[in-house]
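These are the residues of each chain, in order.
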Amino acid sequence: MKLSQKEATFNNEVVTRFELYNSLFLTLPFYKVKHTGILLPFFTSHCEQGVKQQLSPVNIIESFFGQYEQYVQEADRIDLLFRIIRYIERQVVLFDAIEDSAFNKTSRSEDSASLEGLLRQAANTPGLKEKMREKLQEFSLRIVLTAHPTQFYPGTVLAIINDLTEAVKQNDISNVNLLLQQLGKTPFFNKNKPTPVDEAVSLAWFLENVFYPVSAAIQSQIEDEFDDAPLLESHQLIELGFWPGGDRDGNPNVTTQGTREVSELLRKILFRCYYRDFRVLKRRITFRGVETYMSKLYDLLYVNSFSDQENLANQQDEIIENLQKIKEVLISDHDSLFINVVEDLIRKVRLFGCYFASLDIRQDSRVLRNTHKHCRESIGITSFTSEDYDSLPEEQKLKHITFEEHDFQCTDGDDPLVKDTLQTIRLIKDIQQANGEKGCHRFIISNCQQASDILQLMNLFLWSGWKAEELSIDFVPLFETVPDLTIAASVMDKLYSHPFYKEHLKRRGNKQIVMLGFSDSTKDGGYLMANWSIYKAKIELTTIARTHNIQLAFFDGRGGPPARGGGKTQKFYATMGREIANDHIQLTIQGQTISSQYGSWDTAHYNISQLINAGLVSALNSADKETMSNSQKSLFAKMAEDSYRNFVALREDPLFIKYLEKLSPLTLLSQINISSRPVKRNSGAELRLEDLRAISFVTSWSQLKQNIPGFYGVGTALQDIKDAGLWDNVVQLYQTSGQFKTIIDNCMMSMSKSDFRITSYLKEDKEFGAFWEKLRIEFELTKKLILELTNTSVLMENYPIERRSIAIRERIVLPLVIIQHYALQQLKTGKLSEEQTDIYNKLIIRTVYGIVNAGRNLA
């Protein structure tokens, strides 16, 4: 079969280079590295053959060691397995670097689907250009970085990957060799669990090294096209958000002091970026007439970069004023020489202010309700004490809530969560004073179920020294589960109708942010139901907002894999249709997705541009081909319901959690030193599905190479449609609805990273055999019908580069998967000593890192 030009390019630029540079691994400074490198291809081939023969991991590994006399002792075998893991971890990094170095040659969209193409089209079409200008004055993109336990690489390794990518681009073999040796000596993982501040430092690497230059470059690119109307002076196109240190939902390690430290860290790192740029400017602007302004800027930027200060203040306007004065002197006296250098720094200061990224605060509604009860009882507000307020129906609660202002102070004896909540509310005012309002202006209420959850939080602000008319906070309800998504529009309707909240929104420009969680809805209702529930909720929430003349922005809590809202994200936003508010795109970027999609200048520039392009295309699509008809919605709803019933039946199987506990690394994830957050809420209690964090849930299935959350129930739903004689309708839906097509295509991505052959030995297992067979049958049914639906012969046939990349990555980590399941099988025997148990646990933990890193969006 003839390869496309892109496939041929991928082979030359990625596959061939990987094979070439892989040979350098034999020189890495590892113990017995040459011996390991020679054995690894044989071990990989042995694993592949064993999987084809459906042998158990124990049989695969023991038969491999049986070929070598020097591996009779268990200690020697374990030693080699650890060396193989270490070797493969570095191979994954090398493949990442090589693939990223070739990104511009292998991953670019067709011209018509890119921001560059849209801008060129606008330049030649005056009518389109004017429409784009209007849209750009309204549109914004907010990317929010979150601390999740799949961002495995520390900053030191990220920096090496960055340098390695550049060396590969330049074909600098000598430097590649040196960097690989550095990589061999550099620890990949933490010896101790990171604190939330440690996580912030890790993610701040991306702010400083990627988002800072890339955001400004994209802004400049767009402004150059619309040079007669500086867009940024009155409207911010690209915004950044930050969760480490602010997200305390279920994480007892996030404290008020940690939040303060992170806000100061973000400011200091930003000023160091400004200071570096200023040094460049200072080397160029050496003319008379600017000395005073340059001196002021030097003092201001230096002090804020390297000194610890008290009583910090927002100095954005002062910086811009001095830069503007310099610009004026250059124009009037020096022929505008190097004016571009000044304009670049002005652009960055307008983009990032004194805060770099807005620090979001998030807490669970149950914690906020307890805090509210504590405060009202302590203060003694009569409107709340006349009846048993907590037991009142929602309508009665809304009538009882009053909005008095108090200055309630915590005491040492108060509950820690109550103290943290109230102290953080006071801290937000300090952060706004130091970093500007945008430094911290959003409070997200997780598990939001009623309008009173938001109004009671407003009470807490008013009882903590805030004034109603100065309440510079956006209150963001987060609807996560399928039942909560169903009532979301009703909750917001009550809020929009409430006199006090209506006045607050008026002061905030009649703008409302609503966050929707993909991860928990998938865990709750399965893949299709989660996507349908969010799609339906967005339509209902948009309708209610438009009725009340509210400008609505959806904030999507998306994870890395399709099961958590990831996958081909930009296609979701380009195909929303007119029934869904899409003037603003806001989404979380989590875990390994941060480094895979935003880890380099090229990948970040591409992905940010694609998201902006998606928002513009959606708005400019006057034909509105993407809005589903009522009959299409009914069809989607039927499939979602059928899928939901099947998924819930699986979830309620008594073996469901036990299967994950015994056959996946789920119970060991808490021992991995990559996150400050517990694997589950209520960490001291017995493991229950509702307490299990979605990221742990999805990660566990990905380690099993089964990816149940990304496909289970889809096949049954499609079969039911076929049996009902509606197959042609669903084919038409796939061909005409960009939303539905993206959902199905993302499902295929999940399935492409599944391989039931690896666990086929379980079909003979007395306890789990029937359960495993149930999962496999649904996988095969889903695969068969999706291939028929998409008129293809293999999964992801229409995405050959991604399919090839996934296949290579899966082959690289297959030995890790086999080693992990071998260790799990050994633990399951119950015959190991305490020392042996500890060793096999470490084997499992180390394999998790490499498997997730290789998958790039597995968790």
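Residues numbered from 1 in each chain as written. Predicted model: local features only at pLDDT ≥ 70, side-chain atom pairs only at ≥ 80, totals over all residues. Heavy atoms only, no water.

J.: Outline the overall build of the chain, listing residues and values.
T.: Counting secondary structure elements, the chain contains 35 helices and 9 strands. Its C-alpha radius of gyration of 28 Å places the chain within 12% of the 29 Å reference for a compact globule of 859 residues. Principal axes of the C-alpha set define a box for the chain whose edges measure 75 × 75 × 60 Å. Per-residue burial for the chain yields a buried fraction of 62% across its 859 residues. Put simply, of all contacts in the chain between residues at least 6 apart along the chain, 81% involve residues at least 24 apart. Accessible surface computed for the chain: about 33,300 Å², of which carbon and sulfur atoms make up 48%. (Helix = DSSP H or I, 4+ residues; strand = E, 2+ residues; numbered from the N terminus. Rg over C-alpha atoms; globule rule 2.2 N^0.38 Å. Buried < 20%, exposed > 50% of the residue type's maximum accessible area, 1.4 Å probe, protein only. Contact = heavy atoms within 4.5 Å. Areas by Shrake-Rupley, 256 points an atom, 1.4 Å probe, with all protein chains shown as cover.)

J.: For the nonpolar core, give the residues involved together with the corresponding values.
T.: In terms of nonpolar packing, the biggest core is built from 271 residues, with Ile143 and Ile612 touching the most fellow members. Looking at this core, the element that brings in the most residues is helix α10 (residues 196–225), giving 14 residues. The residues touching isoleucine 612, leaving out its near neighbours within four places in the chain, are Leu115, Phe139, Leu141, Ile218, Ile222, Leu237 and Ile238. Formed by 9 residues, the second largest nonpolar core is a distinct cluster that contains Val144, Trp243, Ile444 and Phe555. (Core = buried A, V, L, I, M, F, W, Y, C linked by side-chain atoms within 4.5 Å.)

J.: Let's hear about a nonpolar patch on the surface: which residues, and what values?
T.: A cluster of nonpolar side chains, Leu26, Ile38 and Phe42, forms an exposed patch at the surface whose accessible area comes to about 280 Å². With respect to the helices, strands and loops of the structure, leucine 26 is situated in the loop between α1 (5–22) and α2 (33–52). (Patch = residues over 30% accessible without salt bridge, like charges linked within 9 Å, V, L, I, M, F, W, Y side chains within 5 Å. Salt bridge = Lys/Arg side-chain N within 4 Å of Asp/Glu carboxyl O.)

J.: For the pairing of strand β2 (residues 238–242), give the residues involved together with the corresponding values.
T.: Counting buried positions along β2 gives 5 out of 5 residues, so the element sits mostly inside the fold. With burial as the criterion, each face of β2 is covered, one bearing Ile238, Leu240 and Phe242 and the other bearing Glu239 and Gly241. Direction of pairing for strand β1 (residues 140–146) relative to β2: parallel, over a ladder of 5 bridges. Bridging across to β2, arginine 142 finds its partner in glutamate 239. The pairing of β2 with strand β3 (residues 358–359) spans 2 bridges and is classified as parallel. Considered in β3, the bridge of glycine 241 is made with serine 358. (Pairing = 2+ DSSP bridges.)

J.: Can you break down a positive patch on the surface residue by residue, with the values?
T.: There is a patch of like positive charges on the surface, built from Arg279, Lys282, Arg283 and Arg284. One can find lysine 282 in helix α11 (residues 256–284). For lysine 282, a relative accessible area of 44% puts it in the partly exposed group. (Lys, Arg positive; Asp, Glu negative; His and termini not counted. Charge placed at Lys NZ, Arg CZ, Asp CG, Glu CD.)

J.: Requested: an account of helix α3 (residues 57–65), with residues and values cited.
T.: Among the residues making up α3, those that are buried are Pro57, Val58, Ile60, Ile61, Phe64 and Phe65. Within α3, the buried residues cover an arc of 165° as seen down the axis, which keeps them to one side. Looking at the buried side of α3, the elements it contacts are α2, α4 (74–101) and α34 (800–828). (Arc of directions from axis to C-beta.)

J.: Any details on α34? Residues and values, ideally.
T.: For α34, with 29 residues, the first-to-last C-alpha span of 39 Å sits near the 42 Å given by 1.5 Å per residue. Along its length, α34 shows its largest kink, about 45°, at valine 813, and proline proline 815 lies within four residues downstream of that point. Count one or two residues on from α34 and you reach glycine 830, which has phi positive near 70°. (Expected span 1.5 Å × (residues − 1). Bend = angle between axes of the 7 residues up to and from the residue.)

J.: Quick one: what's the story with the packing of aromatic side chains, residue by residue and with numbers?
T.: Inspection of the entire model under this criterion finds 39 aromatic pairs. With a centroid separation of 6.0 Å and 80° between ring planes, the pair formed by phenylalanine 443 and phenylalanine 461 is classed as edge-to-face. Of this pair, phenylalanine 443 sits in strand β5 (residues 442–446) while phenylalanine 461 sits in helix α19 (residues 451–462), and the two are 18 residues apart along the sequence. Each member of the pair, phenylalanine 443 as well as phenylalanine 461, carries the same accessibility label: buried. Seen in terms of ring centroids, tryptophan 532 and phenylalanine 636 are 5.0 Å apart; in terms of plane orientation they differ by 55°. Their pairing is tilted. With tryptophan 532 in helix α23 (residues 527–547) and phenylalanine 636 in helix α27 (residues 630–651), this residue pair connects regions lying 104 residues apart in the sequence. The exposure classification of tryptophan 532 matches that of phenylalanine 636, with both residues buried. (Phe/Tyr/Trp six-rings, centres within 6.5 Å; stacked < 30°, edge-to-face > 60°.)

J.: Tell me about the confidence of the model for the chain, and please be specific about residues and values.
T.: Taken as a whole, the chain shows an average pLDDT of 89; of its residues, 92% reach a score of 70 or greater. The spread of mean pLDDT over the elements of the chain runs between helix α16 (residues 382–385), the lowest at 65, and β3, the highest at 98. (pLDDT = per-residue confidence, 0-100.)

J.: Which residues make up the sheet that holds β3, and what values do they have?
T.: Read from one edge to the other, the open sheet built from 9 strands follows the order β3-β2-β1-β9-β8-β7-β6-β5-β4, with strand pairing classed as parallel. Either end of the sheet is taken by a strand with one partner, and the two such strands are β3 and β4 (361–364).

J.: So what's going on with the side chain of arginine 142? Which residues, and what values?
T.: Topologically, arginine 142 is positioned in strand β1. The exposure class assigned to arginine 142 is buried, which follows from its relative accessible area of 5%. A polar atom in the side chain of arginine 142 sits 3.3 Å from the side chain of histidine 441. With near-sequence residues (within four places) excluded, arginine 142 lies in contact with Glu239, Gly241, Ser358, Asp360, His441, Arg442, Ile585, Gln586 and Leu587. (Polar contact = N/O pair within 3.5 Å; in protein donor to acceptor, adjacent residues only side chain to side chain.)

J.: Give a detailed account of the pattern of salt bridges, specifying residues and quantitative values.
T.: Enumeration according to the criterion identifies 49 salt bridges in this entry. With a closest N to O distance of 2.7 Å, arginine 366 and aspartate 364 form a salt bridge. Since its relative accessible area comes to 6%, aspartate 364 is described here as buried. Because the salt bridges share partners, they merge into one network encompassing Glu223, Asp277, Asp344, Arg347 and Lys348.

J.: Quick one: what's the story with unusual backbone geometry, residue by residue and with numbers?
T.: The backbone phi angle of aspartate 335 is positive, close to 55°, even though this residue is not glycine. Locating aspartate 335 in the fold gives a position in the loop between α13 (316–333) and α14 (339–352). Phi is positive for serine 336, close to 60°, though the residue is something other than glycine. Relative to the helices and strands, serine 336 resides in the loop between α13 and α14. By relative accessible area, which is 29% here, serine 336 ends up partly exposed.

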